[in-house]
Amino acid sequence: MSKHETPLMDELENGPWPSFVSDLKRQAEKSPQCWDIIGQMELSFKDRMTHWKHGGIVGVFGYGGGIIGRYSDVPDQFPGVAHFHTVRLNQPSSKFYRTDLLRKLCDLWEKRGSGMTNMHGSTGDLILLGTKTEELEPLFYDLTHDLQWDLGGSGSNLRTPECCVGKARCEWSCFDTQALCYGLTMKYQDEIHRPAFPYKFKIKFSGCANDCVSALARADLSVIGTWRDNIRINQAEVKNYLNGASKSGGGAIPSRADKFNIKAEVLDLCPTGCMWMEGDTLKIDDAECTRCMHCLNVMPKALRPGVEQGASIMMGAKAPILEGAQLGTMIIPFLKVDPETEFEEVVEIIEKCWDYWMEHGKNRERLGETMQRIGLPTFLRVMEIEPLPQHIKEPRSNPYVFWREEEVEGGWQRDIKEFRKKHAQ
Amino acid sequence: MSKHETPLMDELENGPWPSFVSDLKRQAEKSPQCWDIIGQMELSFKDRMTHWKHGGIVGVFGYGGGIIGRYSDVPDQFPGVAHFHTVRLNQPSSKFYRTDLLRKLCDLWEKRGSGMTNMHGSTGDLILLGTKTEELEPLFYDLTHDLQWDLGGSGSNLRTPECCVGKARCEWSCFDTQALCYGLTMKYQDEIHRPAFPYKFKIKFSGCANDCVSALARADLSVIGTWRDNIRINQAEVKNYLNGASKSGGGAIPSRADKFNIKAEVLDLCPTGCMWMEGDTLKIDDAECTRCMHCLNVMPKALRPGVEQGASIMMGAKAPILEGAQLGTMIIPFLKVDPETEFEEVVEIIEKCWDYWMEHGKNRERLGETMQRIGLPTFLRVMEIEPLPQHIKEPRSNPYVFWREEEVEGGWQRDIKEFRKKHAQ
Amino acid sequence: MALSVDELKEKILEKALKGPKAQLYVKDFYACDPESKPRVIKNAANELVKEGKMVFWSSGSTTMYAAKGRAKDEEK
Amino acid sequence: MGYDPQNPMKDRITDIGPPHYEKMFPQVIKDNYGKWLYHEITRPGVLKHVSETGAECHTVRVGSARLISVEHIREVCDIADKHCQGTVRWTTRNNIEFMVDAESKVQPLLDDLASRGGRFPVGGAGACVSNIVHTQGWIHCHTPATDASGVVKAVMDEIFEQFTEMKLPAKCKLALACCLNMCGAVHCSDIAILGVHRKPPMVDHDAITGLCELPLAVASCPLGAIKPSSVKLDDGTMVKSVKVNADRCMFCGNCYTMCPAMPLADPEGSGIAILVGGKVSNTRTGPAFSKMVVPFLPNTPPRWPETVAVVKKILDTWAANAHKYERVGEWAERIGWEKFFEICDIPFTDKSIDDYRLAYNTWRTTTNFKFTNHIK
Amino acid sequence: MGYDPQNPMKDRITDIGPPHYEKMFPQVIKDNYGKWLYHEITRPGVLKHVSETGAECHTVRVGSARLISVEHIREVCDIADKHCQGTVRWTTRNNIEFMVDAESKVQPLLDDLASRGGRFPVGGAGACVSNIVHTQGWIHCHTPATDASGVVKAVMDEIFEQFTEMKLPAKCKLALACCLNMCGAVHCSDIAILGVHRKPPMVDHDAITGLCELPLAVASCPLGAIKPSSVKLDDGTMVKSVKVNADRCMFCGNCYTMCPAMPLADPEGSGIAILVGGKVSNTRTGPAFSKMVVPFLPNTPPRWPETVAVVKKILDTWAANAHKYERVGEWAERIGWEKFFEICDIPFTDKSIDDYRLAYNTWRTTTNFKFTNHIK
Ligand code: SRM
Ligand code: SRM
Ligand code: SRM
Ligand code: SRM
Ligand code: SF4
Ligand code: SF4
Ligand code: SF4
Ligand code: SF4
Ligand code: SF4
Ligand code: SF4
Ligand code: SF4
Ligand code: SF4
């Protein structure tokens, strides 16, 4: 583990954005294997190719997830990264940290690994980047004993659930994202740590339709906060926007903030056209509102979500491999999310879905792909959910209805001989 | 052929809409087999089922289209319709008729058939409804000799082309729909009368984007008029709309015509938002206009298509059997349609497309289905058409590009042994 | 009648040890007892891992099971 | 002269095409071809086109059953001879158009038409329901799931004043097709009436080998529901035939198109579906498919009251709620389909949820929706 | 104490989950949980949340490379200890947030951050480009077609002021994924940088049986391009292996995921595609996929100038032309994709025309289009 010539890497120490190369070099002072990280990266920059190989069976004993095995394909040149497994730690909901805990983690990872991390992985885990096979068990031991901290998911497991900042620091959260995220994480520890499914399963929680955790793009099941009564309007604050005392979007778009034009910026952009002014009083026909959040975003002081709050449940989002990407599909338009009942309603839906998917999902078939394969009507039937127009953007345009025999008067059995009596060949 | 008891049919003689039953009865005085038509229809009304069987091979000698064979499955009850073949006559373009010709046709059909017709069939043919096999040849003889009139298409033929009223009586037609329709009909008599293709092929012509012949829904190839310069504005007439002297839509929507509101009725409904008023002068940013026809429709006196006129060519529209319906897909955004050159450019496109489809189309595969199967990029390549953003609504969202070997630097042949020298297993 | 957990584990292990496939999806074990729910089978297989008789093999995205020693193992 | 069966090829004329359109034109059309400047709708069913030459063409549009007799056509000719110098035309929606070249000639024409016992209703222009584009049904076709002319008559009788007046927010294009082949533009209509089957085909084993090629029958099924099979007939002989896996059948009827020994029509099984919101014109928004909102209504001749009621309800609800110029589909998109079902009082069923190809594109992938009475 | 390799099961603790979130909260967060009333962005990168109790939380958001060392984290902890009572958080886009409970504490914090040699750029709030969500690339993954951290650094250096200021019409969400697996939300981002392969996999016949299960490799290909095959090795032995039908391959890499003996990465073959116009929020319009506008740019480390230029061009063109609040995709839809290609000066290729599943839905089925310089 020695310093290598790394002119390409070094170039990336220039420029205003924080440099991971400088950071690696700083860490290398304490964790010399970082020189080999830089060295192998340099080689990749030269070869324009990765130099990592597949992982395989590494993991901590009894867990089927949480570790991604990784080996260098040039271990002789870079022995410091011959093994370079990552460890996925289940982040605390919404990723708040106390420094005492973080410092302990830093020390532990400097001792047991490369000292490099990802804060955070795309699924939400805190990722410890690069260690040897033999360090895994000791690391896990210290982690659980000293830090009371457990691994997240990988493989065909429930993946580490993730949520937006929600009620902790946002005025719009329509349910308690942290509580639900943490509650389900604890309830499903087994599913997170040991493979249970045909393929990965991801759950994400956003407190409102802004979806700050991108659940609708990335989660097999997403819970998105909403309300079913009326937007709360503070008319005095509406006037403050009109007279310029408050800034649109809380000041988020200063470059285009000449004078607030409520018609152009709110009324005309409301997708349902359900807002209008009567003098300087703002009116909303809430029955027409789809709670898209636009007007609340523009006038955060004047408008607030209604008080009858809950969430929509969408299923099946995923990246494109293999059938093409899917966004979450509406499954439950509105549901109360109640910590009192330990989120009973949500749990029931999740488990009904798992039961079906575990039995009928094909290997490496994401939930969304299963839904596509069997069709939404069948999926709803399986889930015992009444079909609603809210499930669709628009009704089918092809005429190919799969009627079931019991739906058709007289069933399907007919006698061709009887038929022929009335209709000669 | 006697009068039958037809209480259900008789019911349909009531009501304000013209009654086909009364009409059948009127005709029955001259064509007694009409009693059997009414009789068999009555039976269908009772049985809630058709009483017709497949047709088979009837036709006129040497033609593979123009006749649809049909037999009753209750011929003993209704001998007058035991045979009930239809004859499709190729309508004159835009369906103008002189009465002398029509009267001759009436006489001929009373002599040779049931006396019943469809004016017109959904493809555009004039349909003579119901005759016996032995009448077909005599009918065809008289038709061609006395009326100089030929049959239209059916089966795996080019179907009878059809066009909107166009320049004959419409101010918006951007090319000569009748001339092109008639020209191609004459050029392709062989394709209309004898099967040439894997399946039916339909061509329709509309003079503008209003598409009064529904080509975009129904034609394997549609030619739709448009222009590429600026909408002609008559500002004096604009003022007449503003001051109420002219009625919006030429008076088409009187029930909602309180006072013409150019903003609500035109500017705000323009899909590209490319229109605005400067005082009472109407401005259009023609570079942004998609020539959707809305504003011209609303203010026919003030707005006219530009003068550099031509057409878009769309391909592949069809009804849902079997892959689901398709609308016409943009193939040529803009083309001059020039009678001087005998529509050379259009002919070239049609024949290039036929050449490919005849060779590569599967049996009973409509052009649109072929296009779907091979993909639009391949189809454009086959058609030697440069790919344009106008061909699509939006770029692909999946990342699955089928690169061809010649497009990739260094080709596809690689040596795994060389690779392994740099990347150990 | 569904098999007992022990019977189930026995069948699973037998399949992992002697079956033609070295690495199996959890679904491949469902056939060991059509009467048992997927969750029961999954739990039995996971217990065999805990007992050290089987191992998890993971591509990172996909997890499979193998009898100890039969997995495609980098470090062997 | 005439056709000689002994000598069928004698003097044979082929491939001469249709009569030339120009020869069919009224004089005012011929003279002003390509010169039209603008048009007005001077009263329901009456169009006035003005040419740059100053000439005018006044068109009186008249409803027609489409299924018409030569006697009726002769009457049309009588009218055309009397008022229109012996010319007449038909529209792409099967209406009849009488054209005159002066305003003064309109009223006499209208009076004449009105005197003919309701056979020539004037209308079908502007913001109205025009004629219902339709197909054969029980009058001629072998595959229909419902009738055409009868249903059209029943519907048009009920909404007749929407034809003769212009009280709608925009044009409303109705169409009917008697089976899934959808001859016509049912798949792109504001309101479409569609004949649908719901029972899988029977197989007429006695007759199948005589009536069709088995491999074609097998290949005809887009879902592979038809398989070759050997069957023992009543008389004990084994024949090659096919069997249908009814659970995979979607009742498209393509097998029957290819093989007459596989009928699917049935008095209870077959009936009508209602689709709405299609259009063809490119005005504002592009062409759009009609969407299935009622998957099944029974065949109830002679007046199909269930179908008539649904069509009228949709038409009236749209008329009462849409903006000016807004076609049915544009309106439904604007208010949202969940609202459409609610205010049209149409029960929502899973049959409206697509599960054929491309189905995923129609599922709701946003949390944006309106609460309706569907959500408890 | 500690882990005892001789006795691995001793005192083993499992399934305890993550630290409880509440224990991690700053005091002001704990006290005002669920009570927040509204927020403001007082200056770039600084949010002010006001509670119904009157309490305030001021958040300073700081950019991060995501790939960070424990030394860097310790520095974060130092700052948090000094200003934030020992608490800090990370956002869903990998920025660091320092929260203080009074306006007066903001400036000292900002000064401190500014003093640390550019390691803590403040920004990423409001109408800006926030951090680029990204993945592993050459730092850790085995399947990448490009790097992650390097490309992100190169792009962020170039558009740095879009992070530290708020000059855009709306938020612009950038993402990078190093292969088609698209770990992250590349498929729904305003501007996405995507690693793509363009050469079919090689097959390492010598090693394949040792490295993977052949049936899994065969089954992995969504297009059935992989078939079992017997191959003679150099030493003459016949082995069971697979062969790839290159013409059917779409370079998805799924085979390599399942079978390490089928690598596809290549210095020339692999590179970057640019996709634009996706979003996840439901604001105004629902979530939308990103669309591929540039199918391929070469891998040119360390600075990827071609990629940087395209991203900047799109960003600048959008910024100059979009309406307030209009996300990239909303803008492109409004002006039309043909205009997007024209004004962003991006060559249009057939690669942007979909020919995978559901492709038909993306073809233009209306005559409505704008003339651009593409039409001769
Ligand atoms: C580490 C991480 C990227 C990162 O740098 O952040 C990651 C890394 C890998 N992902 Fe991922 N995925 C990561 C989040 C995602 C996400 C985002 C998310 O979870 O919100 C997605 C898109 C959402 C989704 O699941 O669809 C994602 C979609 C994939 C896919 C495609 C799955 C699909 O069904 O479309 C694969 C391929 C596969 O499963 O075979 C994949 C596979 C992989 C593998 C295991 C590679 C492989 O082919 O086996 C990568 C291991 C890299 C390594 O060396 O560590 N990864 N992967 C993310 C997990 C960190 C964490 O736990 O926090
Ligand atoms: C007569 C007519 C209906 C009418 O009452 O007007 C008609 C009647 C038949 N059509 Fe049609 N089609 C008629 C216009 C259409 C149209 C409209 C058009 O051409 O603009 C369509 C939709 C557009 C299209 O082509 O996609 C149409 C789509 C079909 C289809 C579905 C084809 C498809 O690819 O989706 C079939 C079924 C088939 O081809 O197997 C079909 C088949 C049939 C057959 C031949 C029945 C069959 O299954 O073999 C019908 C014969 C009925 C009879 O007894 O005469 N007909 N058919 C129309 C032709 C009259 C004319 O020549 O003017
Ligand atoms: C006569 C006819 C053409 C023909 O060759 O026969 C025709 C004639 C005219 N059409 Fe049409 N259209 C005719 C069928 C159509 C069709 C096809 C159809 O109905 O099957 C369409 C497309 C249908 C669709 O979009 O679903 C059609 C979509 C239009 C439109 C667009 C309306 C819209 O709101 O989208 C206009 C413009 C308008 O009405 O403002 C238009 C306008 C016109 C104008 C005003 C054109 C003109 O300046 O002369 C004509 C009189 C309109 C009227 O009757 O209100 N015409 N028009 C057809 C009359 C059918 C009938 O008897 O009712
Ligand atoms: C801190 C964070 C949540 C978290 O749990 O970490 C967050 C926080 C806020 N988001 Fe967000 N959003 C955060 C990621 C997201 C994401 C996900 C992502 O970026 O990957 C989205 C969806 C992305 C998408 O649509 O593609 C997201 C879409 C929004 C929107 C909708 C914007 C739009 O125009 O569509 C708003 C409303 C707004 O900005 O007016 C919003 C608004 C907000 C507000 C104003 C909410 C509030 O009242 O506190 C917060 C400050 C906004 C700001 O920074 O300008 N947040 N926000 C995330 C910060 C990421 C970062 O470091 O940049
Ligand atoms: S998703 Fe909604 S509730 Fe959650 S942080 Fe974003 S804006 Fe707030
Ligand atoms: S939330 Fe959206 S739909 Fe509802 S009123 Fe506001 S802008 Fe309109
Ligand atoms: S399609 Fe256009 S040109 Fe043809 S009749 Fe209709 S409005 Fe006139
Ligand atoms: S034709 Fe359509 S797009 Fe063009 S200006 Fe008129 S309304 Fe706008
Ligand atoms: S729609 Fe069907 S039943 Fe009706 S005419 Fe066409 S093919 Fe025949
Ligand atoms: S009706 Fe259609 S789906 Fe059913 S068996 Fe016949 S061809 Fe197949
Ligand atoms: S996007 Fe592909 S290459 Fe990048 S981390 Fe994910 S799996 Fe690995
Ligand atoms: S890269 Fe994808 S398409 Fe190509 S062979 Fe591998 S799995 Fe098949």
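The rules behind these values
- Residues numbered from 1 in each chain as written.
- Chains lettered and ligands numbered in written order.
- Predicted model: local features only at pLDDT ≥ 70, side-chain atom pairs only at ≥ 80, totals over all residues.
- Heavy atoms only, no water.
- Pairing = 2+ DSSP bridges.
- Helix = DSSP H or I, 4+ residues; strand = E, 2+ residues; numbered from the N terminus.
- Contact = heavy atoms within 4.5 Å.
- Axes fitted to C-alpha atoms, helices over the stretch in contact; angles between N-to-C directions.
- Near = heavy atom within 4 Å.
- Nonpolar A, V, L, I, M, F, W, Y, C, P; charged D, E, K, R; others polar.
- Core = buried A, V, L, I, M, F, W, Y, C linked by side-chain atoms within 4.5 Å.
- Buried < 20%, exposed > 50% of the residue type's maximum accessible area, 1.4 Å probe, protein only.
- Donors = N, O, S within 2.8 Å, 3.2 Å for Na, K, Ca; no water.
- Polar contact = N/O pair within 3.5 Å; in protein donor to acceptor, adjacent residues only side chain to side chain.
- Phe/Tyr/Trp six-rings, centres within 6.5 Å; stacked < 30°, edge-to-face > 60°.
- Lys NZ or Arg CZ within 6 Å of the ring centre and 35° of its normal.
- Disulfide = S-S within 2.5 Å.
- Domains from an automatic or database assignment.
- Buried area = accessible area lost by both parts, 1.4 Å probe.
- Salt bridge = Lys/Arg side-chain N within 4 Å of Asp/Glu carboxyl O.
- Parallel < 35°, antiparallel > 145°, perpendicular 65-115°, else oblique.
- Left-handed = near helix turned anticlockwise from the far one by under 90°.
- Patch = residues over 30% accessible without salt bridge, like charges linked within 9 Å, V, L, I, M, F, W, Y side chains within 5 Å.
- Areas by Shrake-Rupley, 256 points an atom, 1.4 Å probe, with all protein chains shown as cover.
- Lys, Arg positive; Asp, Glu negative; His and termini not counted.
- Charge placed at Lys NZ, Arg CZ, Asp CG, Glu CD.

Colleague: Where do I start with the sheet that holds strand 9 (residues 203–206) of chain B in this structure?
Modeller: Note: strands within a sheet are paired through backbone hydrogen bonds, in either parallel or antiparallel orientation. Residues and elements named next belong to chain B. One open sheet holds the five strands; their spatial order is 8-9-10-15-16, and the pairing between them is mixed. At either margin of the open sheet sits one strand with a lone partner, and together these are strand 8 (162–163) and strand 16 (329–335). With four bridges joining them, strand 9 and strand 10 (residues 221–227) adopt parallel strand pairing. Paired with Ser206 across the bridge in strand 10 is Ile224. Sitting on the sheet, helix 6 (residues 177–187) is in contact with strand 8, strand 9 and strand 10, with an inclination near 165° to strand 9.

Colleague: Explain the site of ligand 12 here, please?
Modeller: If you check the shell around ligand 12, you find Pro201(E), Cys221(E), Pro222(E), Ile226(E), Cys249(E), Met250(E), Phe251(E), Cys252(E), Gly253(E), Cys255(E) and Leu264(E) and nothing else. Looking at side-chain class alone, the shell around ligand 12 contains 10 nonpolar, one polar and no charged residues.

Colleague: Teacher, can you tell me more about the nonpolar core here?
Modeller: Nonpolar side chains in soluble globular proteins tend to end up buried together. By size, the foremost hydrophobic cluster in this structure holds 468 residues, and its most contacted members are Ile274(D), Phe340(D), Ile274(E) and Phe340(E). Counting residues per element, this core draws most heavily on helix 12 (residues 344–360) of chain A, at nine residues. Among all residues touching Ile274(E), those that are not within four sequence positions of it are Ile191(E), Ala192(E), Ile193(E), Lys291(E), Met292(E), Val293(E), Val294(E), Leu297(E), Thr307(E), Val310(E), Val311(E) and Ile314(E).

Colleague: Could you clarify how one ought to interpret the coordination of the iron atom of ligand 2 in this entry?
Modeller: The textbook angles at a metal center are 109.5 degrees for a tetrahedron of four donors and 90 or 180 degrees for an octahedron of six. Exactly one donor from the protein chain reaches the iron atom of ligand 2: Cys183(D) (SG), at 2.3 Å. Within the secondary structure, Cys183(D) is located in the loop between strand 7 (174–177) and strand 8 (191–196).

Colleague: What should I look at first to understand the pairing of strand 2 (residues 54–58) of chain C in this one?
Modeller: Working note: regular strand, side chains alternate between the two faces of the sheet. Residue and element names in this part refer to chain C. Counting buried positions along strand 2 gives five out of five residues, so the element sits mostly inside the fold. Here strand 2 shows two buried faces, one formed by Met54, Phe56 and Ser58 and the other by Val55 and Trp57. Both strand 2 and strand 3 (residues 63–67) contribute to a ladder of five bridges, which runs antiparallel. When the bridges of strand 3 are listed, Val55 appears paired with Ala66. Hairpin geometry of strand 2 and strand 3 is characterised by an intervening segment of four residues between the two adjacent antiparallel strands and by a positive phi of about 100° at Gly60.

Colleague: Would you mind showing me how to read the environment of Tyr63(B) here?
Modeller: Note that Tyr63(B) resides in the loop between strand 1 (52–53) and strand 2 (67–68). Residue classification places Tyr63(B) among the buried residues on the basis of a relative accessible area of 9%. Distance from Tyr63(B) to Asp190(B), taken between C-alpha atoms, is 9.0 Å for residues 127 residues apart in sequence. Filtering out sequence-adjacent residues up to four positions away, Tyr63(B) remains in contact with Phe140(B), Asp150(B), Leu151(B), His193(B), Arg194(B), Thr14(D) and Asp15(D). Within polar-contact distance, the side chain of Tyr63(B) engages the backbone nitrogen of Asp15(D) at 2.9 Å.

Colleague: What is the right way to look at the packing of aromatic side chains in this model?
Modeller: By convention here, two paired aromatic rings are described through the distance between centres and the angle between planes. Inspection of the entire model under this criterion finds 64 aromatic pairs over all chains. Taking the centre distance of 5.8 Å and the plane angle of 90° together, the rings of Phe340(D) and Phe341(D) count as edge-to-face. With 5.9 Å between their ring centres and 40° between their planes, Trp138(E) and Trp304(E) make a pair best called tilted. Linking Trp138(E) in the loop between helix 4 (106–114) and helix 5 (149–158) with Trp304(E) in the loop between strand 12 (291–298) and helix 10 (305–321), this pair joins segments that are 166 residues apart in sequence. Neither Trp138(E) nor Trp304(E) differs from the other in exposure class; each is buried. Taken together, the aromatic side chains of Phe96(A), Tyr182(A), Tyr21(E), Phe25(E) and Tyr33(E) make up a single cluster linked through ring pairs. The ring of Trp403(B) carries the charged tip of Arg198(E) above its face, separated from the ring centre by 4.9 Å. Over the ring of Phe296(E) we find Arg198(E), and its NZ or CZ is 3.3 Å from the ring centre.

Colleague: Is there a simple way to explain the state of the cysteines in this structure?
Modeller: Joining two cysteines, a disulfide is a covalent bond between their sulfur atoms. Residue and element names in this part refer to chain E. Applying the stated criterion to the full structure yields two disulfides over all chains. Two residues, Cys212 and Cys259, share a disulfide whose sulfurs are 2.2 Å apart. The sign of the -40° torsion about the S-S bond sets the Cys212-Cys259 disulfide as left-handed. A residue pair is termed long-range when its members are at least 10 positions apart, and Cys212 in the loop between helix 7 (208–211) and helix 8 (214–220) and Cys259 in the loop between helix 9 (254–258) and strand 11 (271–276) qualify at 47 residues.

Colleague: Can you walk me through the side chain of Glu330(E) in this structure?
Modeller: Residue and element names in this part refer to chain E. Structurally, Glu330 can be placed in helix 11 (residues 328–335). Within the structure, Glu330 has its side chain in polar contact with the side chain of Arg284 (distance 2.9 Å). Those residues in contact with Glu330 that sit more than four places away from it in its chain are Thr283, Arg284, Thr285 and Tyr325.

Colleague: Is there a simple way to think about the domain arrangement of chain A in this case?
Modeller: Size of an interface: often given as the accessible area lost when the parts come together. Residues and elements named next belong to chain A. Split into domains, chain A comes out as domain 1 (7–146), domain 2 (162–228 + 308–391) and domain 3 (232–304). Just the C-alpha atoms count here: the centres of domain 2 and domain 3 sit 31 Å apart. Both sides together, the interface formed by domain 2 and domain 3 hides about 740 Å², and carbon and sulfur atoms give 59% of it. Three residues stand out in domain 2 for area buried against domain 3, namely Trp172, Asn210 and Trp227, and they jointly supply 67% of the buried area on that side. Viewed at the interface, domain 3 and domain 2 are joined by zero salt bridges. Along the contact surface separating domain 2 from domain 3 lie three residue pairs in polar contact (both at pLDDT 80 or more). Its residues placed into classes, the side of domain 2 that touches domain 3 shows four nonpolar, three polar and one charged.

Colleague: Please explain the side chain of Gln178(B) as it appears in this structure.
Modeller: By the element assignment, Gln178(B) lies in helix 6. A distance of 2.7 Å separates a polar atom in the side chain of Gln178(B) from a polar atom in the side chain of Ser94(B). The contacts of Gln178(B), once residues within four sequence positions are left out, are Ser93(B), Ser94(B), Phe96(B), Cys163(B), Cys164(B), Val165(B), Lys167(B), Ala168(B), Gly183(B), Tyr21(D), Phe25(D) and Tyr33(D).

Colleague: Is there a simple way to think about the sheet that holds strand 4 (residues 85–89) of chain B in this case?
Modeller: Reading across the sheet, the five strands line up as 2(B)-4(B)-7(B)-6(B)-4(D) and stay open at both edges, with antiparallel pairing between neighbours. The open sheet terminates on both sides in strands that have one partner only, identified here as strand 2 of chain B together with strand 4 (67–69) of chain D. As paired elements, strand 6 (residues 116–119) of chain B and strand 7 (residues 126–131) of chain B share three bridges and run antiparallel to each other. Opposite Asn118(B), over in strand 7 of chain B, you have Ile127(B) as the bridge partner. Where helix 3 (residues 70–83) of chain D meets the sheet, it contacts strand 6 of chain B together with strand 4 of chain D, and its direction lies at approximately 75° from that of strand 4 of chain D.

Colleague: Just checking my understanding: could you explain the interface of chain B and chain D for this structure?
Modeller: At the interface, 129 residues of chain B touch 132 residues of chain D. In total, about 11500 Å² of surface goes out of reach between chain B and chain D, with carbon and sulfur atoms giving 60% of it. If you sort the residues of chain B by the area they bury against chain D, Trp17(B), Arg48(B) and Arg169(B) come out on top, with a joint share of 9%. Connecting chain B to chain D are 14 salt bridges. The salt bridge partner of Arg74(D) is Glu110(B), with a shortest N-O separation of 2.7 Å. Joining chain B to chain D, the criterion identifies 80 residue pairs in polar contact (both at pLDDT 80 or more). Here the side of chain B that touches chain D takes eight residues from helix 4 (residues 99–112) of chain B, the largest share from any one element. Residue composition of the side of chain B that touches chain D, grouped by class: 59 nonpolar, 38 polar and 32 charged. In this structure, strand 6 of chain B lies alongside strand 4 of chain D, joined through three bridges in antiparallel fashion. Each bridged residue has a counterpart across the sheet, and for Asn118(B) the counterpart in strand 4 of chain D is Leu67(D).

Colleague: What exactly am I supposed to notice about the packing of helix 3 (residues 70–83) of chain E against helix 4 of chain E here?
Modeller: For any two helices packed against each other, one specifies the crossing angle of their axes together with the interaxial distance. All names here are of chain E. It is at 11 Å that the axes of helix 3 and helix 4 come closest, and there the two elements cross at 155°. Taken together, the axis directions place helix 3 and helix 4 in an arrangement best described as roughly antiparallel. For the crossing formed where helix 3 meets helix 4, the hand is right-handed. Between helix 3 and helix 4, the contacting residues are Ile79, Lys82 and His83 on the first element and Pro108, Leu109, Asp112 and Leu113 on the second.

Colleague: Got a minute to help me understand the site of ligand 7 in this structure?
Modeller: Around ligand 7 sit Cys164(B), Val165(B), Gly166(B), Cys170(B), Trp172(B), Ser173(B), Ser206(B), Gly207(B), Cys208(B), Asn210(B), Asp211(B) and Cys212(B), and that is every residue in its neighbourhood. A per-class count over the shell around ligand 7 returns six nonpolar, five polar and one charged.

Colleague: What exactly am I supposed to notice about a negative patch on the surface here?
Modeller: On the surface, Asp6(C), Glu7(C), Glu10(C) and Glu14(C) cluster together into a patch of negative charge. Residue placement: Asp6(C) occurs in helix 1 (residues 5–18).

Colleague: Help me understand the packing of helix 5 of chain E against helix 10 of chain E, please; the structure alone is not making it clear to me.
Modeller: Residue and element names in this part refer to chain E. Interaxial distance between helix 5 and helix 10 falls to 10 Å at its minimum, and their mutual angle equals 45°. Taken as axis vectors, helix 5 and helix 10 run oblique relative to one another. Crossing hand, helix 5 versus helix 10: right-handed. Where helix 5 approaches helix 10, its residues Val151, Ala154, Val155 and Glu158 are matched on the opposing element by Thr307, Val308, Val311 and Lys312. Looking at the contact of helix 5 with helix 10 residue by residue, the classes come out as five nonpolar, one polar and two charged.

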